[in-house]
Amino acid sequence: MRFFKNTSYDFIGNRKFGYMVTGFLLVIGLISIMTRGLHYGIDFKGGTEIQLRFEKSVEVSEVRRALNFTGINGEIKRFGGDNEILVRTETLVASDVNGQRDVTALEDKIKTGVAEIIKENPMEIDRIDDVGPKIAEDMKSSAVMAILGSLIIVLIYITIRFEFKFAVAAIFATFHDVLVVLGLFSLVYGLFPGLNLEVDQTIIAAFLTIVGYSLNDTVIVFDRIREYRKIFKSDTLEVVMNKSVNSTLSRTFMTSFTTLIVMVTLYFFGGESTKPFAFAMILGIAIGTFSSIFVASPIVLEWDKWSTARNAKLTK
Amino acid sequence: MKQNGFKIISVLAVLIMAIYFLYPTWQDYDMKKSFLTKSSEDSAKYVEENRKEIEKIEDNRLKLGLDLQGGMYVVLEVDLITLLEKLAKAQDAKIDSMLQVVVTRTNLNGQDPVNELVNVANSSGIRLSRYYGNIKDENSDILSFLEAQRDDAVNRALQIIRTRIDQYGVSEPSITKQGAGRIIVELPGVTDEKRVRRLLKSTALLEFKLLAKPEVALNTLQVLDEKLGVSDSSVKDTATQSLVAKAQAAAKTSDTTGLGPKAAAEKELSSAEGNAKNPILSRLQITRSGSGAVGVANEYDRETISKYLNDPEMAKFIPTSLAFHWSAKPVDEQNGVKIFALYALERDAAMTGGSIVDAKATIGQMLNMPEVTMKMDAEGAKEWSILTGANVDKQLAIVLDNMVFSAPRIKTKITGGNSSIDGLENIEEAKDLENVLKAGALPAPVNIVQERSVGPSLGADSIHSGLNSALWALFVVAFVMILYYHSAGVLANIALIINLIVILGVLAAFKGTLTLPGIAGMVLTIGMAVDANVLIYERIREEMMTGKTLKATLDAGYDRAWTAIFDSNITTFFTGVVLYAFGVGPIQGFALTLMIGIVTSVFTAVVFTRLVFDYIISRPNAKISIG
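Criteria and thresholds
Residues numbered from 1 in each chain as written. Chains lettered and ligands numbered in written order. Predicted model: local features only at pLDDT ≥ 70, side-chain atom pairs only at ≥ 80, totals over all residues. Helix = DSSP H or I, 4+ residues; strand = E, 2+ residues; numbered from the N terminus. Buried ≥ 20, exposed ≤ 12 C-beta atoms within 10 Å, placed from the backbone. Contact = placed C-beta atoms within 7 Å. Rg over C-alpha atoms; globule rule 2.2 N^0.38 Å. Domains from an automatic or database assignment. Nonpolar A, V, L, I, M, F, W, Y, C, P; charged D, E, K, R; others polar. Pairing = 2+ DSSP bridges. Axes fitted to C-alpha atoms, helices over the stretch in contact; angles between N-to-C directions. Core = buried A, V, L, I, M, F, W, Y, C linked by C-beta atoms within 7 Å. pLDDT = per-residue confidence, 0-100. Expected span 1.5 Å × (residues − 1). Arc of directions from axis to C-beta. Parallel < 35°, antiparallel > 145°, perpendicular 65-115°, else oblique. Left-handed = near helix turned anticlockwise from the far one by under 90°.

1. Describing the overall build of chain B
Here comes step 1: The helix and strand inventory of chain B stands at 20 helices and 18 strands.
Here comes step 2: By principal-axis analysis of the C-alpha atoms, chain B measures approximately 105 × 75 × 45 Å.
Here comes step 3: In chain B, which comprises 627 residues, the share counted as buried stands at 47%.
Here comes step 4: For chain B, the proportion of contacts with a sequence separation of at least 24, taken over those separated by at least 6, is 74%.

2. Regarding the overall build of chain A
Here comes step 1: Along the backbone of chain A there are ten helices and four strands.
Here comes step 2: N-terminal to C-terminal, the α/β element order of chain A is α-α-β-α-β-β-α-β-α-α-α-α-α-α.
Here comes step 3: Relative to a compact globule of 316 residues, whose C-alpha radius of gyration would be 20 Å, chain A shows 25 Å and is clearly more extended.
Here comes step 4: Counting over 316 residues, chain A shows a buried share of 48%.
Here comes step 5: For chain A, the share of sequence-separated contacts (at least 6 apart) that also reach a separation of at least 24 residues comes to 79%.

3. Focus: the domain arrangement of chain B
Here comes step 1: The domains assigned to chain B are domain 1 (70–192), domain 2 (206–442) and domain 3 (455–618).
Here comes step 2: Computed over C-alpha atoms, the centres of domain 1 of chain B and domain 3 of chain B are 45 Å apart.

4. Details of the interface of chain B and chain A
Here comes step 1: Between chain B and chain A, the residue contacts involve 63 residues of the former and 60 residues of the latter.
Here comes step 2: Only helix 6 (93–109), helix 9 (193–201), strand 17 (446–454), helix 17 (456–509), helix 18 (516–545), helix 19 (550–582) and helix 20 (586–618) of chain B provide two or more residues apiece to the side of chain B that touches chain A.
Here comes step 3: Looking at which element gives the most residues to the side of chain B that touches chain A, the answer is helix 17 of chain B, with 15 residues.
Here comes step 4: The residue makeup of the side of chain B that touches chain A, split by class, is 32 nonpolar, 21 polar and ten charged.
Here comes step 5: The pairing of strand 4 (residues 123–131) of chain A with strand 17 of chain B spans five bridges and is antiparallel. The partner of A:V131 across the bridge, within strand 17 of chain B, is B:Q450.

5. Notes on the sheet that holds strand 13 (residues 370–376) of chain B
Across a sheet, paired strands are connected by hydrogen bonds in the backbone, their directions being either parallel or antiparallel.
Residue and element names in this part refer to chain B.
Here comes step 1: Taken in spatial order, the three strands of this open sheet run 12-13-16, and their pairing is antiparallel. Strands with a single pairing partner mark the edges of an open sheet, and in this sheet they are strand 12 (356–363) and strand 16 (418–421). Neighbouring strand axes in the sheet, compared pairwise and without regard to direction, differ in orientation by 20° on average.
Here comes step 2: Judged from the four bridges that link them, strand 13 and strand 16 form a sheet pairing that is antiparallel. By the bridge assignment for strand 16, M374 is matched with S419.

6. Here we look at the nonpolar core
General note: in soluble globular proteins, nonpolar side chains tend to be found buried as a group.
Here comes step 1: The biggest cluster of nonpolar side chains holds 227 residues, and the ones touching the most others in it are A:A170, A:V181, B:Y343, B:V523 and B:I526.
Here comes step 2: Beyond its immediate chain neighbours, meaning those up to four positions away, B:V523 contacts A:V262, A:L266, B:S469, B:A470 and B:A473.
Here comes step 3: By size, the runner-up hydrophobic cluster in this structure holds 18 residues, among which are A:V63, A:I72, A:I76 and A:V103.

7. Re the sheet that holds strand 15 (residues 403–406) of chain B
Residues and elements named next belong to chain B.
Here comes step 1: With respect to topology, four strands assemble into an open sheet ordered 11-5-14-15, the strand pairing being antiparallel. Only two strands of the sheet have a single partner each, and these edge strands are strand 11 (351–352) and strand 15.
Here comes step 2: Where strand 5 (residues 206–210) meets strand 14 (residues 396–400), five bridges bridge the pair, whose relative direction is antiparallel. In the sheet register, K209 faces strand 14, and the bridge partner there is A397.

8. Digging into the pairing of strand 12 of chain B
Each regular strand shows side chains that alternate between the opposite faces of the sheet.
All names here are of chain B.
Here comes step 1: Looking at chain direction, strand 12 and strand 13 are connected through seven bridges and run antiparallel. Within the sheet, the bridge partner assigned to T362 lies in strand 13 and is E371.
Here comes step 2: The antiparallel pairing of strand 12 with strand 13 creates a hairpin that spans six residues between the two strands, and N368 there sits at a positive phi of about 60°.

9. Overview of the confidence of the model for chain B
All names here are of chain B.
Here comes step 1: For chain B, the mean per-residue pLDDT works out to 82, and 90% of the residues sit at or above 70.
Here comes step 2: The model gives residues 233–275 a pLDDT under 50, and that stretch makes 93 contacts with residues more than four places away or in other chains.
Here comes step 3: With pTM at 0.79, the complex prediction returns an ipTM value of 0.87.

10. Quick look at helix 6 of chain B
Residue and element names in this part refer to chain B.
Here comes step 1: The end-to-end C-alpha distance of helix 6, which contains 17 residues, comes to 24 Å, matching closely the 24 Å that a straight helix rising 1.5 Å per residue would cover.
Here comes step 2: Here helix 6 has its buried residues at I95, M98, V102 and T106. For helix 6, the angular spread of buried residues about the axis comes to 65°, placing them on one side. Among the exposed residues of helix 6, those oriented more than 90 degrees off its buried face are A93, D96, S97, Q100, T104, N107 and L108.
Here comes step 3: Elements that come into contact with the buried residues of helix 6 comprise helix 5 (80–87) and helix 7 (113–123).
Here comes step 4: G110 sits one or two residues past helix 6 and shows a positive phi near 65°.

11. Some remarks on the pairing of strand 4 (residues 182–188) of chain B
Residue and element names in this part refer to chain B.
Here comes step 1: Summarising burial for strand 4: five of the seven residues are buried, a large majority.
Here comes step 2: Here strand 2 (residues 71–78) pairs with strand 4 via seven bridges, running antiparallel. Bridge pairing in strand 4 places Y73 opposite E186.
Here comes step 3: Inspection of the sheet shows strand 3 (residues 174–178) paired to strand 4 by five bridges, in the antiparallel sense. By the bridge assignment for strand 4, K177 is matched with I183.
Here comes step 4: What sits between the antiparallel neighbours strand 3 and strand 4 is a turn of three residues, in which G179 has the positive phi angle 60°.

12. A short note on unusual backbone geometry
All names here are of chain B.
Here comes step 1: At H486, a residue that is not glycine, the phi angle is positive and equals roughly 50°.
Here comes step 2: We note that K511 has phi near 55°; this positive angle belongs to a residue other than glycine.
Here comes step 3: In this structure, K511 sits in the loop between helix 17 and strand 18 (513–514).

13. Quick notes on helix 3 (residues 51–60) of chain B
Residue and element names in this part refer to chain B.
Here comes step 1: Burial in helix 3 covers these residues: I54, I57 and E58. Buried residues in helix 3, looked at end-on, bunch into an arc of 95°, giving them a common side. Those residues of helix 3 that are exposed and angled more than 90 degrees off the buried face are K52, E53 and D59.

14. Re the packing of helix 9 (residues 249–269) of chain A against helix 17 of chain B
Here comes step 1: Between helix 9 of chain A and helix 17 of chain B, the least distance of the axes is 8 Å, while the angle of their chain directions is 155°. Accordingly, the angle class assigned to the pair helix 9 of chain A and helix 17 of chain B is roughly antiparallel. The crossing of helix 9 of chain A and helix 17 of chain B is right-handed. Taken together, the residues of helix 17 of chain B that come into contact with helix 9 of chain A (itself represented by A:M254, A:F257, A:T258, A:I261, A:V262, A:T265, A:L266 and A:F269) are B:S465, B:N468, B:S469, B:W472, B:A473, B:V476, B:V477, B:V480 and B:Y484.

Right, dumping it as structure tokens:
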């Protein structure tokens, strides 16, 4: 079997189409981030998350009633199966002598409320995540550092292996991918019931993986451009780029496809907590593949055209 | 094929190493499985007979993260602001307002409060020597003084937490220091979170207790043994039941849960040896020397004896004036097994450590031996002189959180509140004792700033869904590869499986832990690992169209694909490094598997598949099918 054998699509010539698509995605994403905002997980916001597992299926409203009974007014939603519930409180429900959040007291309150209101359905606590405000602040800053740090390292590496022009283009394409996925996260938040599209540590891990993946794709195209520029010396950069994108197309498709299907299996079989990660990765792979064709190389080309034009002007 | 000798050796070496490092994990799995079919007595006997070996296996097996086996991850922060408040010689509005500024700033930037205080003082031109250190000191001297105090306080907290966790009896706990004032505690298999929280947060209790009369202690132990002999059948039954439950639970969760055979074995040792007439005294070697301890026991027997001593049924046979305490540190070691001392003390503390103002480990001038000097406040000194006066020549145990750290003999009545403790082995021991004594003097409260607890059933679910998704991913990718590349696809799939084995092997070799994000990383690797092979195959297809010979095609394919493989993988590797450096806990697990996966996939694609291709084309009438 073989797809994309000896193709000669005019990707670079049609780069305006690419610009439109990415421009559109970027703009609606940014608008959504500005208007709808991003929803941070407790990793970055601080708070307590408690996952409950009932023996039989349970209604969210029933649990809410039970928790209100003991004075807990957090966010209560389904998490996974219909006997699983996630409770989240960002505000201080109970504090200990040192003024710190008291998880034991919170736990007791939940247990009392459930025992009182939901009688014939025993419950156990599956997971407790408690993040203090200071830790949350630390995690947020290290997440930003991580993303910026990785981009800078890659910028340096690609400059050494290729050219500065290429490095900037690759970084731009990658940053674009992260931004688009972030925008989509904001846009589709709440649209899929049961999918918690919150930005937390796991999503940062997904973003960094997208950075890695998208760069991987971009670098492979660049590698081919580097090679073809030596072979087809008489061709213009645009022609070389088109040849390169076309000849790597089969590989681009194949790798994106295998990575995409593993992420789809992870989404469906990996359990509740890896779903947002898999979702981010699926978006990221799709967009990363697109940008390595339609964003990275065209930027190098535009830059090259601009600098040639400027040089021409200067020599005049 | 001759020129490939090195490659063959390297592939074989990598595979053998991976299997070697994974073998303990397999042994562990196998053993846990066998426990399910054996009776609990048989398993207990097996565990007892092979204890050393089992511990070795447990030490070397691939560890599961807390999110997979259940357990508790806690980040504690030593309250350095309170420490700074307590240390201040003068309490006035100026220092209060400075500390207030420090609190707001450190909450925002997460910096170390000590540095921040010095910054605040510097920027507003305040001399800190008014509050700390000597009056002539510059702020920079004060900084190093406060830093030393801070490190002391954190080390003290660390020691207190270690002792408590040790008493709590968790298998494979991990307690580490992070940054200036944080302590990370990881407790696999813990289910009683409330108790752990209480244990970690409560302030340390330092007490001085007089030693009880040895005869009374021995009599009590004899009485307990008699009573235990009588009630033995009931003890045995409950112990057996709990073991069966535990073994089943362990098998259910994952077969590699942290509550391994060691804990289970200890639980049931009582039943296996239930027929021993003297369950306590048979395990305790009575000491006749003047150390002050009743006896010594090895670490395993210690747990069993503690169980009997803490049994509420047995408590009524222990005189109300008597309390048994273990030594905090092993007194000896035999063939790698630690020996602990059991002390019989008076139940009521003769004095608490609250009146200690300072303690210092030094080299004594008289004997030129390490010693610890201790200073008490005026009120404490009075009490101390009465206590020491009335008990000259008796031993007084220093007990922190129910553990005996030292039991020095009172040589003379001590007036004035300045005492020194000598007869210490080395300066480290003196330093430890200094820390213990200071626990009463300078309590720096410890707060829980982050907690992550996962129940065993959720952990089991996560393992299940993680493995499930990995298998599905593997299956689908394998199918696609065969469909697209035919027999070359089969080869890529073999490479993929070798890849997964090597990733797990490397993880086990570096004593890494497998977490749920780690499994996600492996799933991702399944998708991305074929990339290197895809690159090569696509390149070979391109080269085939140019009409080269088979060998030339292969050479060109591999050679030309190499730069792309190298450059693209190394950039992904870098992002993995960054993720590892900035991420915490489970995320590091993801970064680790991702990084290992990148290296192994490049290795299998470039070395292993090439080797197989070379072998194929070395035969007559060679043909390669890559779809």
